[in-house]
Each structure stands twice: as structure tokens, then as C-alpha cells.
Amino acid sequence: MKEMLIETIKNLFSKPVTVKYPQEPSPPPPNYRGLIVYKEELCIFCTKCEMVCPPGAIRFTYQEDGSKKFHYNPYLCIYCGECVRACPKPGCLTQVEEIAPPESSVPDWDELEKRAEESKKAFLKAKAVAKKKPGS
Amino acid sequence: MGKRITVPFGSQHVALPEPVRFVFQTENEKIVDVEVDVGYVHRGIEKACATKFKYMQVGYVVARVCGLCAISHTLGYVTALERLMGVEVPKRALYLRLLVSELDRIHSHLLAMGHTAEVAGYENLFMQTFRHRELVMEMLELLTGNRVQFDFACPGGVNRDLTPEVEKVLREKLKVLEEKALWLRDVYENDFSLALRWKGTGVVTEEMAKEMNVVGPPARAAGLKTDVRAEFDYLPFKEVGYRMVVLKGGSIYERNLVRALEVLNSIEMCWNILDGLPEGDIKVPVKGLPEGEMFVRIEAPRGELFYYIRGSKKLILDRVRIRVPTFANIPVMKELFVGMDYADVPATVISFDPCLSCTAR
């Protein structure tokens, strides 16, 4: 009881341990696991990151000419960094310390997932047909 | 004999950090019957692990079972998978896992101790405990990159290495933490009013603990020598100076004292790990598909955690079964409550440190 009393009186006259957050900044520590940053010019479109992502926050949609487009949902991402480790091109996917800002207009991810599924199916079908043609 | 009155405790109660429901039948303050419902936070994680996620991703899914023992769940799954597939994990990775697992134990124990103090009405000690707990949280944030969801262990090793800069900061903070933990141990052991409130309340005897299969700090406080760290070889605990803490008595006071002493032992282990960290790789690639079944036991901060997995050469596992420490401690809690004063209920419940997110999954 005596120790607690001494500690309490000491605390009355010492500085607070907490950070006054909105007035003072509260920066994340070095190497904090934040957003995934994607560089399209380095990407080889192997879709390895899409395959390893646990929540499915990275999806590729297939264009009609066979090219792929990268989509990333920072609000579904669990920031595990598995995609960064799976990426064969160094520098293409990196994890930065910033976190996703609060956003009111999130893109319709359900619709995008559906589109990714369908476009992939269509792409694979077209590929199969193209393969068959020269043989027949 | 008075009339029977039904008193619900939960699902939302000021003493509870998570939803659990006890319905007590009382007769003049004495409890005569109790019912428990633990399924409020069910999310269907076991089913999701066996239907939706590939075996390499399940480690990240089970980490989300519980925020407090996140590393324990990942560790349980990852160890089971490695044993099933015959992967030899590098020594450095094992020691890093051990470091994070012990730091996790420290922060979980400090949280439990703080909450028990709060429920006893000692708000001041609660604040002090949580203030010192923040040091561990900062250490974990530096080491793994996040405060709660560590995602540190992965099949084949660990995801992050310990850099010299981080190690320097860890040593500084660990020094401060050791000082504070000694002070906290002293307060929890010698505080007059806490001893008045806790000594002899909610006593679990050794026979009861044996019969009801109590696990974790409550069992060790009752004098039962049970600790998975000594019984099941999953990490090199013996090499870093692990000692089993066993006390006699089994009341709330001893349960918290066991936690305080285990915190000191964990800090000692962390020093030993930092001093003698072996060099080498932190990860080996995992190839192939899991076939067969495997179970492991892990000592989570609350007690024995059991993992069972079964695979049949497919990307998705057939079955993932998790048995958590709180589930094993519920029967003894039910037994304890009968004949107890209603006023002692919140302190007793919290002293078992129930984790309902784990229990319901």
C-alpha cells in the first residue's frame, strides 16, 4: 500500500506518458507494416501475388487483348506482406509505413471480384479456342 | 431459505472484456446453480480454414482467432504443418519465434493482472500495470511491425529478421520493463488491501484442478505441475532458462502471483535469447502438399492450446481443429461458483483470464 501511495504522489507531479495525439503527431515505428505500393512498369503479370493473398485483396482483371490490370483494396488487406515476399521482381511490390486513409467512397469491390472472375474465364476460353484452331 | 432469484452476468458486463453469459440462480447472495453460454463471438474460422483458404494461408487466418495470443495460434498451426510435412526449421527462426512468444506472454499476463486489479476496485494499480504493458507492446511493434496481429511465424521459419538497431532498442526497453515488473511483483505480492480481497477467494484445490483438467496459470497456482513448455518439445525452452512456477493455495491471489513470477521468468528468457541468438537463415521454403494428420500442444499465455490438422494431398486441408485453454477452464469455473457469494463472481471470472474469441472461434 505504501509503495502505491508513493507512486501515486510521484505521478501527480510527473509528465503524462500518453501522447496528446491530435495536437502532437504519433508516428508509426520504423518498418511498420502499412500499405502495399504497386509499380506497373516493373510488373511481369505473373499473378503470384493474387494467388498467395489470404483475404483476396489483390485481383487482376483481364482485358480483351489479353493484358491484365492490377487492383488492390487497402481496406480488405491484412498487411501481412505475403505478396511482397512472393513477388519475383524486386521493387514491383513494396510495403510502406503509411496506413490507408479513412475513405468514404470505397470502390465496389464485390463487383470488381465478379468482373475479375468472369474476365478470367472469358480469357481462358478464348485462349483454349485459339490453341485448338491451328491444329484443326 | 429465501426465494430463488435469477441474476444474469453478461453478455455485456463492466467487468468483462469480451462477451460471455453466466446465468446464476441465487438464494440470499449464495449461488446455487449456474449456466454458461460461451458462443457469442463465433465466426466459423475452423470451417473457413477447411474450405476456403490454402494451407499456406491458414496461418494468417488462425492468427485472427484472438488478438492477445496471436502468435500462439500461428505457432500452433505452423508447428503442426511443419511436423506433418517434415520441414526442418532453422535454429535462428526457432529462437525468434520463442522471443516473440515470450513477449506475447508478458503482455497477456500483464493485461490479466491489470484487469483483475480493476475488478477488485483498484483502478490505480490497473492504470500502472497497463502503463508498463505499453513497453512490451512497443517492443512487439518494433519487432514484428504491428501491435496485435504479428503475422510473424510462417511455415518454414519467420517473416522478419531481428536487425541490430531493433535489438539495441529492445535491450533498452527490456531493462526498463524488468525494473517495472519487479516493482509490480512486489505490489501484487505485498499489497495489504489486495491480499484482503483476494486471499482465500475462489479457491481451486489441487484435487479439483486434477479432476477438472485445469490448465495454465490457474492450475499452477493450485499446485498442479502442468506446463506444455516442459512437457511438449516445440521450441527450445530448456536452453534459455525456463523454470516452472508452481505455488500452493489456488486462490485469486496466487493466480496473479503466478502470472507476475512468469513475467519475470519470461523477461529472463528474453535476455538469454537476445544474448545468444544463433546466426543463420530465418526461413526455408516449404514444398509439396500436406498428407496425413498431426497434432501439437502449445503453451499459450492462458494454458494448453491444442491444434489438430489433417490433409490429403490437396491445397486445402480437410480439417483444422483448435482446442483452446479457456474452454478447458470453464468446467472448473462452473464448479467453483456453486456455493460462492455473488459479490466474488466478477473477480473470479477475470482471474481465470477468459478469452472468448478463442473459445468461440
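Here the structure is shown first, and the text comes after it.
What you are looking at is a predicted structure, and each value in this text was computed from that prediction instead of being measured. (Residues numbered from 1 in each chain as written. Chains lettered and ligands numbered in written order. Predicted model: local features only at pLDDT ≥ 70, side-chain atom pairs only at ≥ 80, totals over all residues. Heavy atoms only, no water.)

A. Region of interest: the sheet that holds strand β8 (residues 319-323) of chain B. All names here are of chain B. With respect to topology, 3 strands assemble into an open sheet ordered β6-β7-β8, the strand pairing being antiparallel. Strands at the two margins of the open sheet, each flanked by one partner only, are β6 (291-300) and β8. On average, adjacent strands in this sheet sit at an angle of 10° to one another, irrespective of strand direction. Alignment of strand β7 (residues 303-312) against β8, held across 5 bridges, turns out to be antiparallel. Directly across from Tyr308, in β8, lies its bridge partner Arg321. Strands in contact with helix α3 (residues 70-85) are β6, β7 and β8; relative to β6, the strand with the most contacts, it is inclined by about 145°. Taken strand by strand, helix α12 (residues 325-337) contacts β6, β7 and β8, and its axis lies near 130° from that of β7. (Pairing = 2+ DSSP bridges. Helix = DSSP H or I, 4+ residues; strand = E, 2+ residues; numbered from the N terminus. Axes fitted to C-alpha atoms, helices over the stretch in contact; angles between N-to-C directions. Contact = heavy atoms within 4.5 Å.)

B. Structural view of the packing of aromatic side chains. A complete count under the given rule lists 14 aromatic pairs over all chains for this structure. Ring geometry for A:Tyr38 versus A:Phe70: centroids 3.7 Å apart, planes at 10°, classification stacked. Placement of the pair is A:Tyr38 in strand β1 (residues 36-38) and A:Phe70 in strand β3 (residues 68-72), with a sequence separation of 32 residues. Measuring from ring centre to ring centre gives 6.0 Å for B:Phe9 and B:Phe22, while their planes differ by 50°; the resulting arrangement is tilted. With B:Phe9 in strand β1 (residues 4-9) and B:Phe22 in strand β2 (residues 21-27), the pair connects residues that are 13 residues apart, well separated along the chain. A connected cluster of aromatic rings, assembled from ring pairs, spans B:Phe9, B:Phe22, B:Phe24, B:Phe337 and B:Tyr342. (Phe/Tyr/Trp six-rings, centres within 6.5 Å; stacked < 30°, edge-to-face > 60°.)

C. Representation of the packing of helix α4 (residues 91-119) of chain B against helix α6 (residues 164-190) of chain B within the structure. Residue and element names in this part refer to chain B. Viewed as axis vectors pointing N to C, α4 and α6 meet at an angle of 35°, and their least axial separation amounts to 13 Å. For the pair α4 and α6, the sense of crossing is left-handed. Across from Leu99, Leu103, Ile106, Leu110, Met113, Gly114 and Ala117 in α4, the residues of α6 making contact are Leu170, Leu174, Leu177, Leu184 and Tyr188. Taken together, the residues of the contact of α4 with α6 break down into 11 nonpolar, 1 polar and no charged. (Left-handed = near helix turned anticlockwise from the far one by under 90°. Nonpolar A, V, L, I, M, F, W, Y, C, P; charged D, E, K, R; others polar.)

D. Inspection of the sheet that holds β1(B) at higher detail. Residue and element names in this part refer to chain B. Spatial ordering of the open sheet is given by β1-β2-β3, a layout of 3 strands whose pairing is antiparallel. Each edge of the open sheet carries a strand with a single partner, namely β1 and β3 (30-37). Adjacent strand axes in the sheet meet at a mean angle of 20°, parallel and antiparallel pairs treated alike. Of the pairings in the sheet, the one linking β1 to β2 comprises 6 bridges and is antiparallel in character. Along β2, the bridge assignment pairs Ile5 with Thr26.

E. Just the interface of chain A and chain B, in detail. With 20 residues of chain A at the contact, the number on the chain B side is 27 residues. Summed over both sides, the interface between chain A and chain B buries roughly 2,100 Å², with carbon and sulfur atoms accounting for 48% of that surface. Counting the surface chain A buries against chain B, the share from its top three residues, A:Met1, A:Met4 and A:Arg33, is 31%. Counting across the interface, chain A meets chain B through 1 salt bridge. Residue A:Arg33 is joined to B:Asp151 by a salt bridge in which the shortest nitrogen-to-oxygen separation is 3.3 Å. Joining chain A to chain B, the criterion identifies 16 residue pairs in polar contact (both at pLDDT 80 or more). (Buried area = accessible area lost by both parts, 1.4 Å probe. Salt bridge = Lys/Arg side-chain N within 4 Å of Asp/Glu carboxyl O. Polar contact = N/O pair within 3.5 Å; in protein donor to acceptor, adjacent residues only side chain to side chain.)

F. Structural detail: the nonpolar core. All names here are of chain B. Core analysis: the biggest nonpolar cluster contains 95 residues, and Tyr77, Leu103, Leu125 and Leu174 have the highest contact counts within it. Once residues lying within four places of it in the same chain are set aside, the contact partners of Leu174 are Leu103, Met139, Ile267, Cys270, Trp271 and Leu274. In this structure, Phe9, Val20, Met208 and Val349 belong to the second largest nonpolar core, which totals 28 residues. (Core = buried A, V, L, I, M, F, W, Y, C linked by side-chain atoms within 4.5 Å. Buried < 20%, exposed > 50% of the residue type's maximum accessible area, 1.4 Å probe, protein only.)

G. View of unusual backbone geometry. The residue A:Tyr79 is not glycine, and still its phi comes out positive at about 55°. With respect to the element layout, A:Tyr79 can be found in the loop between β3 and α3 (82-86). Taking relative accessible area as the criterion, A:Tyr79 reaches 16% and is therefore assigned buried. Its identity is not glycine, yet B:Asp353 carries a phi of approximately 55°, on the positive side. By relative accessible area, B:Asp353 is classed as buried at 7%.

H. How the structure looks around the packing of α4(B) against helix α11 (residues 252-275) of chain B. All names here are of chain B. As a packed pair, α4 and α11 sit with axes 9 Å apart at the nearest point and diverge in direction by 155°. Between α4 and α11, the angle is such that the two are roughly antiparallel. The chirality of how α4 crosses α11 is left-handed. Of the residues in α11, those touching α4 at Tyr95, Leu98, Leu99, Glu102, Leu103, Arg105, Ile106, His109, Leu110, Ala112, Met113 and Thr116 are Ile252, Asn256, Arg259, Ala260, Glu262, Val263, Ser266, Ile267, Met269, Cys270, Ile273 and Leu274. Across the contact of α4 with α11, the residue classes tally to 16 nonpolar, 4 polar and 4 charged. (Parallel < 35°, antiparallel > 145°, perpendicular 65-115°, else oblique.)

I. Representation of the pairing of strand β2 (residues 58-62) of chain A in the model. Residues and elements named next belong to chain A. In terms of residue burial, β2 counts as a mostly covered element, since 5 of its 5 residues are buried. The alternating pattern of β2 places Ile58, Phe60 and Tyr62 and Arg59 and Thr61 on opposite faces, both of which are buried. Examined bridge by bridge, β2 and β3 share 5 bridges and lie antiparallel to one another. Within β3, the position partnered with Ile58 by the bridge is Tyr72. Where β2 hands over to β3, the hairpin turn is made up of 5 residues, of which Gly66 adopts a positive phi near 95°.

J. Spotlight on empty space enclosed by the protein. Residue and element names in this part refer to chain A. Applying the stated criterion across every chain, the model contains 4 cavities of 30 Å³ or more. Lining the largest cavity are 15 residues, and of these Cys43, Cys46, Cys49, Cys87 and Cys92 lie nearest its centre. For the lining of the largest cavity, a count of residues per class yields 12 nonpolar, 1 polar and 2 charged. The space that makes up the second largest cavity amounts to roughly 70 Å³. Lining the second largest cavity are 13 residues, with Cys53, Cys77, Cys80, Gly81 and Cys83 sitting closest to its centre. The residue inventory of the lining of the second largest cavity, partitioned by class, reads 11 nonpolar, 1 polar and 1 charged. (1 Å grid on protein atoms, 1.4 Å probe; cavity = no way out; pocket = protein on both sides within 12 Å on 5 of 7 lines; lining within 4 Å. Points joined across faces, edges and corners; volume = space filled by probe spheres on them.)

K. Representation of the pattern of salt bridges in the model. Residues and elements named next belong to chain B. This structure, assessed with the given rule, holds 32 salt bridges over all chains. The closest approach of N and O atoms between Arg92 and Glu279, which form a salt bridge, is 4.0 Å. Of this pair, Arg92 sits in helix α4 while Glu279 sits in the loop between α11 and β6, and the two are 187 residues apart along the sequence. Relative accessible area serves as the criterion here: at 70%, Glu279 is assigned to the exposed category. Between Arg243 and Glu268 there is a salt bridge, and its shortest N-O distance comes to 2.9 Å. Of this pair, Arg243 sits in the loop between α10 (228-231) and α11 while Glu268 is found in helix α11, placing the two residues 25 residues apart along the sequence. Overall, Glu268 belongs to the partly exposed group, its relative accessible area being 30%. Where salt bridges share partners, they join Glu102, Arg105, Arg220, Asp227, Arg229, Glu262 and Glu299 into one cluster.

Without other data, these values stay purely geometric and don't point to any function.
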